Amino acid sequence: MPRSAGAAAGSSARPRAALAMAPDAAAAVLDPTALAALAGVCDLAPGPALDDFSTGRAREVLHDTEVLVTGWGCPPLDRAALDAAPRLGAVVHTAGSVRGHITDACWERGIAVSSAAAANALPVAEYTVAMILLSGKRALESARTLRAQRRRPALLGTPRDIGNYRRTVGILSASLIGRRVIELLRAYDLEVLLHDPYVEEDDATALGVGTVGIGELFARSDVVSVHTPLLPATRGLVSGELIGAMRPDAVLINTARGAVVDQDALTEAATEGRIRAVLDVTDPEVLPPEHPLWDCDNVTITPHIAGSLGNEWGRLAELAVAEVARWAGGEEFAHPVLRERLARLA
């Protein structure tokens, strides 16, 4: 719930706030400009971000904290931590998933929770669209071949299954990222299919996509892009059977979580040359040095860079500052995390 109207309108209109995250996360996401903006809407506790709620300093800071600005590496807000923070009414997360630190005790206390997942979804979607288009042109493979051979290939002999004209792209899950990918793909001559059991037909129509079963999605698509959160029900969802149903030379893109995909089945299909893959996440992360996927020319592995990096952290900070300002003014969060939706969120 929002901050009470009385508190927002009273003499202490600016809430007391504190940072809770790993030191390197605080340094990356909250640069001096972001910290100044945050200090403009709340009374920010001095000193480094809290990364251990059991210390004497943490208990002292938490005692007066009304809103906690969290980030990567925030410790769990369990019952003991909440007992030390009797005035805490809100948590504003500067990253995506809140599963690592928001506990049942937070929901039972009625703490309002916000997340920057919507902001973090944007660069992931941009990375995905870039990889869809590059894989359609076989640009990554062509660059490797050109570097090895040092001569231009006969481009007029290019097979007609290479290119992005009227290719079929399958989106697995209409998550925040999946929806943004669909939106960005409207600019291209592509057919976009969606599988998401929670999406109604009217919603799919508004998105401009056709909905299909998961088996049909994998069988029909030239590219399948995975945007499913890792939940108990989705672990290994992209099974060997689904991978086996993919078209020869189809591309699997995974920017979600490595464990959503059956890694062994993917490895077998890729090393046999049946499919291609672009993996920003793997299981485990990072793959062991001897893993066969490292030597697959038809597999591109990036080090979990699709999400916010570098100047993109500024977007996360801006959203967090805006959410603190809303809560301080007695308004609802623009990007709330609701307990009843947790079963479908990353």
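The structure displayed is predicted, hence computed values, not measured ones.

A short note on the overall build of the protein chain
Part 1 of the argument: Scanning the protein chain for helices and strands turns up 14 helices and twelve strands.
Part 2 of the argument: Expressed along its principal axes, the backbone C-alpha trace of the protein chain runs to roughly 75 × 45 × 35 Å.
Part 3 of the argument: The proportion of buried residues among the 346 residues of the protein chain is 47%.
Part 4 of the argument: Taking contacts inside the protein chain between residues at least 6 apart in sequence as the whole, the part at least 24 apart equals 66%.
Part 5 of the argument: By element, 54% of the accessible surface of the protein chain is carried by carbon and sulfur atoms, the whole surface being about 16,900 Å².
Part 6 of the argument: One way to put it: in the protein chain the 33 positive side-chain charges average out to a point 5 Å from where the 43 negative ones average out.

Side note on the pairing of strand E1 (residues 16-20)
Part 1 of the argument: Of all five residues in E1, four are buried, a share of seventy percent or more.
Part 2 of the argument: Bridge count between E1 and strand E3 (residues 67-70): four bridges; the pairing is parallel. Across the sheet, residue alanine 20 finds its bridge partner in E3, namely threonine 70.

Digging into the packing of helix H7 (residues 117-136) against helix H9 (residues 176-185)
Part 1 of the argument: At a minimum axis separation of 8 Å, H7 and H9 run at an interaxial angle of 50°. When the axis of H7 is compared with that of H9, the two are oblique. Judged by the sense of rotation from one axis to the other, the crossing of H7 with H9 is right-handed. Here Ala117, Ala118, Ala121, Leu122, Val124, Ala125, Glu126, Thr128, Val129 and Ile132 of H7 come into contact with H9, specifically with Leu176, Ile177, Arg180, Val181, Leu184 and Leu185.
Part 2 of the argument: Classifying every residue of the contact of H7 with H9 gives 13 nonpolar, one polar and two charged.

Some remarks on the sheet that holds E3
Part 1 of the argument: Read from one edge to the other, the open sheet built from five strands follows the order E2-E1-E3-E4-E5, with strand pairing classed as parallel. The open sheet has two free edges, formed respectively by strand E2 (43-44) and strand E5 (112-115), since each of these has just one partner strand.
Part 2 of the argument: For E3 and strand E4 (residues 90-93), the ladder comprises four bridges, and the chain directions are parallel. Along E4, the bridge assignment pairs leucine 68 with valine 91.

A short note on the pairing of strand E6 (residues 167-172)
Part 1 of the argument: Buried residues dominate E6, accounting for six of its six residues.
Part 2 of the argument: Burial along E6 is two-sided: Arg167, Val169 and Ile171 facing one way and Thr168, Gly170 and Leu172 facing the other are all buried.
Part 3 of the argument: Summarising the sheet, E6 and strand E7 (residues 190-195) pair through six bridges and their orientation is parallel. Within E7, the position partnered with valine 169 by the bridge is valine 192.
Part 4 of the argument: With respect to chirality, the unit in which E6 leads through H9 into the neighbouring parallel E7 is right-handed.
Part 5 of the argument: In this sheet, strand E9 (residues 223-226) lies alongside E6 in parallel orientation, the contact comprising four bridges. Following the sheet pairing, leucine 172 is matched in E9 by valine 226.

Quick look at the domain arrangement of the protein chain
Part 1 of the argument: Segmenting the protein chain into domains produces domain 1 (16-115 + 310-338) and domain 2 (121-301).
Part 2 of the argument: Here domain 1 and domain 2 have C-alpha centroids that lie 35 Å from each other.

Quick word on the environment of alanine 116
Part 1 of the argument: Mapped onto the secondary structure, alanine 116 falls in the loop between E5 and H7.
Part 2 of the argument: Note on alanine 116: relative accessible area 0%, which makes it buried.
Part 3 of the argument: Here the alpha-carbon distance between alanine 116 and tryptophan 313, two residues 197 residues apart in the chain, equals 10 Å.
Part 4 of the argument: Once residues lying within four places of it in the same chain are set aside, the contact partners of alanine 116 are His93, Thr94, Ala95, Leu316 and Leu319.

What to know about unusual backbone geometry
Excluding glycine, residues mostly carry a negative phi; peptide bonds, for their part, are mostly trans.
Part 1 of the argument: At the junction of aspartate 283 and proline 284, the peptide bond is cis and its omega measures out at 5° in the coordinates.
Part 2 of the argument: Mapped onto the fold, proline 284 is located in the loop between strand E11 (276-279) and strand E12 (299-301).
Part 3 of the argument: Glutamate 285 connects to valine 286 through a cis peptide bond whose omega is 5°.
Part 4 of the argument: The residue valine 286 is located in the loop between E11 and E12 in this model.
Part 5 of the argument: Backbone geometry places aspartate 249, a non-glycine residue, at a positive phi of 75°.
Part 6 of the argument: Here aspartate 249 shows up in the loop between helix H12 (240-244) and strand E10 (251-254).
Part 7 of the argument: At histidine 304, a position not held by glycine, the phi torsion is positive, near 55°.
Part 8 of the argument: Note on placement: histidine 304 falls in the loop between E12 and helix H14 (313-328).

The rules behind these values
Residues numbered from 1 in each chain as written. Predicted model: local features only at pLDDT ≥ 70, side-chain atom pairs only at ≥ 80, totals over all residues. Heavy atoms only, no water. Helix = DSSP H or I, 4+ residues; strand = E, 2+ residues; numbered from the N terminus. Buried < 20%, exposed > 50% of the residue type's maximum accessible area, 1.4 Å probe, protein only. Contact = heavy atoms within 4.5 Å. Areas by Shrake-Rupley, 256 points an atom, 1.4 Å probe, with all protein chains shown as cover. Lys, Arg positive; Asp, Glu negative; His and termini not counted. Charge placed at Lys NZ, Arg CZ, Asp CG, Glu CD. Pairing = 2+ DSSP bridges. Axes fitted to C-alpha atoms, helices over the stretch in contact; angles between N-to-C directions. Parallel < 35°, antiparallel > 145°, perpendicular 65-115°, else oblique. Left-handed = near helix turned anticlockwise from the far one by under 90°. Nonpolar A, V, L, I, M, F, W, Y, C, P; charged D, E, K, R; others polar. Right-handed = clockwise from strand over helix to strand, strands pointing away. Domains from an automatic or database assignment.

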